[in-house]
Amino acid sequence: MKLPTSRLLFRPHQGRVFTRPTFAKPRFAAHSIRRHNSTAQTASTGGSRILNFFYGSTLVLGLGIIFVYVTDTRASVHRYVVIPALRWIYPDPEEAHHAANQVLRSLWDLGLYPRERGDPDKAGDLEVEVFGRMIRNPIATSAGMDKHADIPDPLFASGPAIVEIGGTTPLPQSGNDKPRVFRLTSQQAMINRYGLNSEGADHVAMRLRDRVRKFAYRLGLGHDAAAEQAVLDGIAGVPPGSLTPGKLLAINIAKNKITPEDDVDAVTKDYVYCVNTLGPYADILVVNVSSPNTPGLRSLQQSDKLQKILTGVVDAARSVDRKTRPAVMVKVSPDEDSDAQISGICDAVWAAGVDGVIVGNTTNRRPGPMPHLGSLSPLEEQHLLETGGFSGPHLFDRTLSLVKRYRKLLEEKPAELEPVLHSPSALQAEAAKIKDELASASGSKEDSTPDSVTTSVDTGVVPVTPIAEETSSEKQPLLKLPQERFYDKPQDEQDSLVGVNAEPVDSSDQQESQIERLRAIQAAIERLPPREQREALEKMEEPIHLASNDEPKVIFATGGITNGKQALDVLNAGASVAMVYTALVYGGIGTISRIKDEMRAEMRRQTEERRSNSQE
């Protein structure tokens, strides 16, 4: 047998046979194999890149969808995941509340906060008029949700037209001993005896002042006192409290626990101090005389005491260092519900010139469990024995009844009440005074026209001169300051300027303060570009509505409102605004959006029902 053409290498000591082929392999074979491997590797790398891009895009898209969903107040996760998780992590309701507020504040700073997407209020179907201003919807949050002005902006972003912060006391106070909040989860209710724990009016005012200055800085006005004053005087065309068109900020104020309730003068000073400190940053000031957790506070609802306190608050509100004064409301208890008590409160409201009443607060009573919500657990039965104010859906029927009763007494001023003389509002006196001052400074009163004084929903009266054309070589001042001082005029001329019923102005300090305010506004406007100047002044030309003390009083309703139908019921009963608190505690940040959606659905249902009945 002939062997193949190869040489045999035999090594006996190893016992192995090696063959070495004699023919040469073609060179292209090795090269061909290497080329094939390179092509496969390139194809594999390209495929990996496509897959990575696909996976990355899917991940980004998924995270975006999750972000949009989680930050939408309509997401059910807020009600059915976040709230139960808070209750599980924090058995103490107060700790859960603080944690939730801290998270909201942090999310706001990062721009990741829950918000009402899609602007459902844009259609205007829920608009209502309050204190002469159109607000976007009739839903508000009650005091207690944001005690220290930590999260007013996140709360506004969740959908209400009014946010009430506080209660705030003149001096800081710690409130009652802990634990002081108790859940009744099966009844969607709670009991609290916070005792008006507060960081104090000065601390809250500092936080609100910083908020206004940040807003001014974003507008390009700067971050100083002049920019702050310009915003408060309405140069941005927004309410000075909410800083948001169509929305209002209410600040709940109260006396300190150490102030004796039988010393009405001392109590009045407490409230006036809060007005002077917090008034510039509020659209509404709420006088709290109805908390059940401060000893003796509810005794201030006696007509004579209440009238003196409210008169002091109203007078202080009229002198707030701002172009427009905040509205004044008083918050009354649901437990003072006899005819005599309600009548006495309403008489005090009319006599003092208060703008409205918030009907309802927590109650010292203990309603029975609502069968459709379930039965109380043994722990909840123990909680019912705790002292404090009860809040929950059980209060709705009482709130609805009280709104109807207060509406009857606040619709028209009682004829037997003697008219109470007050000096004209600061805005009216200031309008006439500045208008004539400017006319006198220019040398001719006859030349002054209505165009020389403009008014605004949120700014009051600001004397302006036309903006110079951009092509003008010399920049003209936007505000013309008076050259002749008001208090240098003869007394009879002063009387003619301020009006017959106005109080004489004889203080040079007041006039200097007015001039400084005008200078601050002028400086703030001049820092704006020409286009923004015009837009700012156009916003300032809207007329302001000054409520008369003879007009019907505004009513806000709070207590047990948990859904849209109940909100509509209290509005139809005579309230202008429905306020929620406990519903937010159990329903989460999406509660306001849910209630508004339910209101719209109920309104459509009622409209269709009426249409159907009319066709029959």
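Residues numbered from 1 in each chain as written. Predicted model: local features only at pLDDT ≥ 70, side-chain atom pairs only at ≥ 80, totals over all residues. Heavy atoms only, no water.

An unreviewed UniProt entry lists the protein chain under the name Dihydroorotate dehydrogenase (quinone), mitochondrial, with Knufia peltigerae as the source organism. Under the Cofactor (unreviewed entry) heading, UniProt states for the protein chain: "FMN". What UniProt records for the protein chain under Sequence similarities (unreviewed entry) is the sentence "Belongs to the dihydroorotate dehydrogenase family. Type 2 subfamily." (UniProt positions renumbered as here; feature names shortened; annotations may be inferred.)

In this section: the overall build of the protein chain. In terms of regular secondary structure, the protein chain is built from 18 helices and 17 strands. Considering only contacts within the protein chain whose residues lie at least 6 apart along the sequence, 74% involve residues at least 24 apart. Of the roughly 30,500 Å² that the protein chain leaves accessible, carbon and sulfur atoms contribute 54%. (Helix = DSSP H or I, 4+ residues; strand = E, 2+ residues; numbered from the N terminus. Contact = heavy atoms within 4.5 Å. Areas by Shrake-Rupley, 256 points an atom, 1.4 Å probe, with all protein chains shown as cover.)

With respect to the helices and strands, lysine 565 occurs in helix H16 (residues 564-572). Residues lysine 565 and lysine 596 lie 31 residues apart in sequence; the distance between their C-alpha atoms is 9.6 Å.

Looking now at the UniProt feature "transmembrane region" (unreviewed entry) in the protein chain. Here the UniProt feature "transmembrane region" (unreviewed entry) sits at residues 50-70 and 573-595. This span, residues 50-70, is 100% helix and 0% strand, and a straight line between its end C-alpha atoms measures 30 Å. Taken end to end, residues 573-595 comprises 48% helix and 17% strand; its first and last C-alpha atoms sit 18 Å apart.

Going through the model one piece at a time under the given rule, you end up with 28 salt bridges. Across the pair glutamate 164 and lysine 331 runs a salt bridge, and its minimum N-O distance is 3.9 Å. With glutamate 164 in strand E6 (residues 162-168) and lysine 331 in strand E11 (residues 327-332), the pair connects residues that are 167 residues apart, well separated along the chain. Across the pair, lysine 331 and glutamate 164 agree in class, each one buried. Note that arginine 365 and aspartate 335 form a salt bridge whose closest N and O atoms lie 3.7 Å from each other. Placement of arginine 365 in the loop between strand E12 (356-359) and helix H10 (378-383) and of aspartate 335 in the loop between E11 and helix H9 (339-352) is noted, with a sequence separation of 30 residues between them. According to the relative accessible area criterion, aspartate 335 is buried, its value standing at 13%. Connected via shared salt-bridge partners are Arg74, Glu116, Asp121, Asp125, Lys596, Asp597 and Arg600. (Salt bridge = Lys/Arg side-chain N within 4 Å of Asp/Glu carboxyl O. Buried < 20%, exposed > 50% of the residue type's maximum accessible area, 1.4 Å probe, protein only.)

One pass over the structure, following the stated rule, counts two cavities of 30 Å³ or more. Taken as a whole, the largest cavity encloses approximately 450 Å³ of empty space. Taken together, 33 residues form the lining of the largest cavity, with Ala143, Asn192, Asn361, Thr362 and Tyr581 sitting closest to its centre. Of all the elements in the fold, those that place two or more residues in the lining of the largest cavity are E6, strand E17 (577-580) and helix H17 (582-587). When the residues that make up the lining of the largest cavity are grouped by side-chain class, the tally is 11 nonpolar, 20 polar and two charged. Empty space within the second largest cavity amounts to approximately 40 Å³. Taken together, Leu184, Gln187, Pro367, Gly368, Pro369, Leu376, Leu384, Phe390 and His394 make up the full set of residues lining the second largest cavity. The residue inventory of the lining of the second largest cavity, partitioned by class, reads six nonpolar, three polar and no charged. (1 Å grid on protein atoms, 1.4 Å probe; cavity = no way out; pocket = protein on both sides within 12 Å on 5 of 7 lines; lining within 4 Å. Points joined across faces, edges and corners; volume = space filled by probe spheres on them. Nonpolar A, V, L, I, M, F, W, Y, C, P; charged D, E, K, R; others polar.)

Strand order around the closed barrel formed by eight strands is E5-E6-E9-E10-E11-E12-E16-E17, with parallel pairing between neighbours. On average, each strand axis in the sheet is tilted by 25° relative to the strand beside it, whichever way the strands run. Relative to E11, strand E10 (residues 284-288) runs parallel, the two being bridged by five bridges. Note on E11: the bridge partner recorded for isoleucine 284 is alanine 327. On top of the sheet, helix H11 (residues 396-410) reaches E11, E12 and strand E16 (554-558); it is set at about 170° to E16, its chief contact. (Pairing = 2+ DSSP bridges. Axes fitted to C-alpha atoms, helices over the stretch in contact; angles between N-to-C directions.)

Quick look at the nonpolar core now. Among the nonpolar cores identified, the biggest contains 89 residues, and Leu208, Tyr271, Val330 and Tyr406 are the most heavily contacted of them. Excluding residues that lie within four positions of it along the chain, tyrosine 406 makes contacts with Val332, Glu336, Ile342, Ile345, Cys346, Val357, Val359 and Ile555. In this structure, Ala250, Ile284, Val554 and Val577 belong to the second largest nonpolar core, which totals 17 residues. (Core = buried A, V, L, I, M, F, W, Y, C linked by side-chain atoms within 4.5 Å.)

Let us look at the side chain of arginine 322. Position of arginine 322 among the secondary structure elements: in the loop between helix H8 (303-318) and E11. For arginine 322, which is buried and forms no salt bridge, the nearest opposite charge comes from aspartate 283, at a distance of 5.0 Å. In terms of polar contacts, arginine 322 uses its side chain to reach the backbone carbonyl oxygen of glycine 279, at 3.2 Å. From its side chain, arginine 322 meets the backbone oxygen of alanine 282 in a polar contact 2.7 Å long. (Lys, Arg positive; Asp, Glu negative; His and termini not counted. Polar contact = N/O pair within 3.5 Å; in protein donor to acceptor, adjacent residues only side chain to side chain.)

What follows deals with the pairing of E6. The buried fraction of E6 amounts to seven of the seven residues, a majority that puts the element mostly inside the structure. In this sheet, E6 lies alongside strand E5 (residues 139-141) in parallel orientation, the contact comprising two bridges. Its bridge partner being in E6, alanine 140 is matched across the sheet by isoleucine 162. Once you follow E5 into helix H4 (residues 152-157) and on to E6, the crossover reads as right-handed. (Right-handed = clockwise from strand over helix to strand, strands pointing away.)

Overall, antiparallel pairing links the three strands, which are arranged E7-E8-E13 in an open sheet. Edge strands, defined here as strands with exactly one partner in the open sheet, are strand E7 (181-184) and strand E13 (389-391). Across the sheet, the mean angle separating the axes of adjacent strands is 15° when strand polarity is ignored. The pairing of strand E8 (residues 189-192) with E13 spans three bridges and is classified as antiparallel. By the bridge assignment, isoleucine 191 is partnered in E13 with phenylalanine 390.

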